[in-house]
Amino acid sequence: MVAEVETLKAATKTVLRDIAKHANGLAVGLQNAAPPQEKGPPKSVQYLTAIAAELENVCRTVDGVPPANVSDEL
């Protein structure tokens, strides 16, 4: 059971990091395509950058989640 949980954790982190990588890529592409603004990057770029950072935080949280005790669930 513990091995299965660890496998699920690894798969989850892989998917979340992939989504974060794509969000960062979209943010960079949008920043390059959008006209410069005096106030800083457009809100959509800020949103994508924040999403990527939050997904990285979730990945770190997944590392800290202990495997569930099977007897607790029965």
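Our subject is the structure that appears above.
Everything in this summary refers to the structure shown in the same document.

Helix length check: helix α2 (residues 43-64), at 22 residues, gives a terminal C-alpha distance of 32 Å against a target of 32 Å (1.5 Å per residue), a fit within 8%. Along α2, the residues classified as buried are V45, L48, A52, L55, C59 and V62. The buried residues of α2 occupy an angular sector of 110° when projected down its axis, which confines them to one face. Of the exposed residues in α2, the ones pointing more than 90 degrees away from its buried face are K43, Y47, R60 and G64.

Moving on, we get to the pattern of salt bridges. With the rule as written, the count across this model stands at 3 salt bridges. Linking E6 and K9 is a salt bridge whose minimum nitrogen-to-oxygen distance equals 3.5 Å. Here the residue E6 and the residue K9 both occupy positions in helix α1 (residues 2-33), the gap between them amounting to 3 residues, near one helical turn. Residue K9 is classed as buried on the basis of its relative accessible area, which comes to 12%. Salt-bridge contacts for R17 lead to E56; the nearest nitrogen and oxygen are separated by 3.5 Å. Residue R17 is found in helix α1, and its partner E56 is found in helix α2; the two are separated by 39 residues along the sequence. On the basis of relative accessibility, which here comes to 25%, the residue E56 falls in the partly exposed class.

Calculation criteria
Residues numbered from 1 in each chain as written. Predicted model: local features only at pLDDT ≥ 70, side-chain atom pairs only at ≥ 80, totals over all residues. Heavy atoms only, no water. Helix = DSSP H or I, 4+ residues; strand = E, 2+ residues; numbered from the N terminus. Expected span 1.5 Å × (residues − 1). Buried < 20%, exposed > 50% of the residue type's maximum accessible area, 1.4 Å probe, protein only. Arc of directions from axis to C-beta. Salt bridge = Lys/Arg side-chain N within 4 Å of Asp/Glu carboxyl O.

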